[in-house]
Amino acid sequence: MYDDRQLFNLTNRQTRQRYVTKDGKCRVNLGRIEEKKRFLSDIFTTVVDLKYRWFIFVFMLCYIVTWVGFGIIYFVDALLRDDVNHIGDPEWKPCIDNVDSFLSALLFSVESQRTIGYGTRMVTAYCPEGVILLMAQSIIGSVIDALMVGCMFVKISRPKKRAQTLIFSKKCVVSHRDEKLCLMFRIGDLRDSHMVDAKIRAKLIKSRQTKEGEFIPLEQSEINLGYDTGEDRLFLVEPQIICHFINDHSPFWEMSAESLKREQFEIIVILEGIVEATGMTCQAKTSYTEDEILWGHRFEPCMTLEKGAFRVDYSHFDKTFDVQTPWASAKEMHELKENEQNDRSTLSLFWDNMFQTGIPEDPNMIFGDGAQDNQDRMDFPSIAEGKQESDSNDLDI
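- The protein chain goes by G protein-activated inward rectifier potassium channel 3 in an unreviewed UniProt entry, where it is assigned to Eleutherodactylus coqui.
- Word for word, the UniProt comment on the protein chain under Sequence similarities (unreviewed entry) is "Belongs to the inward rectifier-type potassium channel (TC 1.A.2.1) family. KCNJ9 subfamily."
- Entered under Subunit (unreviewed entry) in the UniProt record, the comment concerning the protein chain runs "Associates with KCNJ3/GIRK1 to form a G-protein-activated heteromultimer pore-forming unit. Interacts (via PDZ-binding motif) with SNX27 (via PDZ domain); the interaction is required when endocytosed to prevent degradation in lysosomes and promote recycling to the plasma membrane."

### Here's the deal with the state of the cysteines
Part 1: Taken as a whole and assessed by the stated rule, the structure comprises one disulfide.
Part 2: Two residues share a disulfide in this structure: Cys95 and Cys127, whose sulfurs sit 1.8 Å from each other. When the S-S torsion is -65°, as for the bridge of Cys95 with Cys127, the disulfide is left-handed. Remark: Cys127 occurs in the loop between helix 5 (102-113) and helix 6 (128-156) and Cys95 occurs in the loop between helix 4 (52-80) and helix 5; sequence separation between them is 32 residues.
Part 3: A relative accessible area of 0% means that Cys127 is categorised as buried.
Part 4: Sulfur of Cys243: no disulfide; nearest cysteine sulfur belongs to Cys182 and is 3.3 Å away.

### Here we look at the nonpolar core
Part 1: Core analysis: the biggest nonpolar cluster contains 36 residues, and Phe185, Phe252, Ile267 and Leu271 have the highest contact counts within it.
Part 2: Breaking this core down by element, the ones donating at least two residues are strand 1 (166-168), strand 2 (172-177), strand 3 (180-189), strand 4 (196-209), helix 7 (257-260), strand 8 (266-274), strand 9 (281-289) and strand 10 (293-295).
Part 3: If near-sequence neighbours (up to four positions away) are discounted, Phe252 is found in contact with Leu183, Leu204, Ile223, His244, Ile246, Phe265 and Ile267.
Part 4: Core analysis: the second largest hydrophobic core is formed by eleven residues, Ala78, Cys95, Phe108 and Leu133 among them.

### Examining the packing of aromatic side chains
Part 1: Under the counting rule described, the total for this entry stands at nine aromatic pairs.
Part 2: Where Tyr63 meets Trp67, the ring centres are 5.9 Å apart and the plane angle is 40°; that geometry is what we call tilted. In this pair, Tyr63 and Trp67 are both assigned in helix 4, four residues apart and thus about one turn of the helix distant.
Part 3: Classification of Trp67 by relative accessible area gives partly exposed; the value is 21%.
Part 4: Taken together, a centroid distance of 6.3 Å and an interplanar angle of 85° make the contact between Phe75 and Phe102 edge-to-face. Taken together, the residues Phe75 in helix 4 and Phe102 in helix 5 connect sequence positions 27 residues apart.
Part 5: By way of ring pairs, the aromatic residues Phe59, Tyr63 and Trp67 are connected into one cluster.
Part 6: Here the guanidinium or amino end of Lys155 rests over the ring plane of Phe55, the centre of that ring lying 5.9 Å away.

Conventions used here
Residues numbered from 1 in each chain as written. Predicted model: local features only at pLDDT ≥ 70, side-chain atom pairs only at ≥ 80, totals over all residues. Heavy atoms only, no water. UniProt positions renumbered as here; feature names shortened; annotations may be inferred. Disulfide = S-S within 2.5 Å. Helix = DSSP H or I, 4+ residues; strand = E, 2+ residues; numbered from the N terminus. Buried < 20%, exposed > 50% of the residue type's maximum accessible area, 1.4 Å probe, protein only. Core = buried A, V, L, I, M, F, W, Y, C linked by side-chain atoms within 4.5 Å. Contact = heavy atoms within 4.5 Å. Phe/Tyr/Trp six-rings, centres within 6.5 Å; stacked < 30°, edge-to-face > 60°. Lys NZ or Arg CZ within 6 Å of the ring centre and 35° of its normal.

The following block contains the structure:
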């Protein structure tokens with residue numbers, strides 16, 4: 001197990017293979033699938049998922065196979081009825097007129113299935129098997145037309161191309177927002193027809209070893225983008241900055257600017273929504289590696305106010321600028337802040353207690369050598385001075 005982990009880390013460090021590319025393609029290849037029949041049970045999805053060159057090949061193959069198949073059947077029927085040897089005989093009653101070779105039978109098959117009807121070849125009423133074959137070919141041809149046209153329509157109208165107009169920033173930034181350390185990136189929609197019910201979510205892909213010694217190569221953990229508060233639901237009209245607050249539940253809780261250089265992970269961002277024109281669900285994906293995270297940066301504003309409308313300048317979409325950000329992790333800054341608050345509360349409680357209880361009889365027990373200085377500073381009279389004043393008053397009397 002240790003050797004496997006070393007081999008995986010070494011290979012991943014050399015090639016730095018991305019789990020998801022910047023344009024949203026998953027770099028995972030499936031192999032050694034024994035039950036291929038599962039793909040045939042879902043033939044519609046299998047055909048739609050084919051590449052266009054294979055889809056057109058299957059499209060043409062379905063028609064060619066049926067044309068050639070029924071052409072062979074027509075030609076065999078003509079041979080068995082001896083129609084080939086009686087071409088031009090006015091007293092002979094053929095099954096199919098003017099079918100004297102395989103090529104003529106193939107032409108008749110194409111004309112029948114595509115309802116061309118040139119008029120020179122046709123099934124006669126003296127051939128019941130020919131009528132049955134013609135009916136069967138018409139039904140099969142209609143089924144093929146419906147399937148192929150449906151697959152072509154679904155393939156063309158798939159929302160995969162709509163995702164090309166949804167863009168993500170090339171870099172992630174880490175800086176403070178509302179006194180909290182945040183991981184931020186920006187998304188935008190280039191079309192005027194906006195996405196309906198757009199939702200954003202993110203995953204962290206990182207290898208780790210469990211306490212039992214099990215090595216998990218690519219573990220997926222959730223990155224909270226506001227699903228508990230509803231901030232993950234977007235009204236994507238203008239470019240928006242998506243913010244992940246780094247708290248104790250975040251996988252980046254102990255990550256600092258220095259440790260970021262030594263980490264190796266990948267952030268997968270998934271944007272989902274409904275295409276307004278077709279009503280189909282669209283999904284756009286991208287990824288960020290540890291080298292694409294800028295510590296201590298913010299995104300430049302890209303919106304300005306014009307006469308009667310807002311203007312979005314996409315030339316500033318990926319631009320960032322430096323901001324003052326501590327290089328410590330969110331955990332370290334949180335602990336430092338708690339220590340400062342504890343020190344302040346302890347000091348405040350001490351002085352409140354002092355002024356409520358007053359000065360003790362022996363100030364040296366608390367203040368030590370500096371008791372007299374503190375006593376003079378607080379303007380408290382000493383016991384000796386009080387005694388001298390009382391003696392002088394007695395003499396005066």
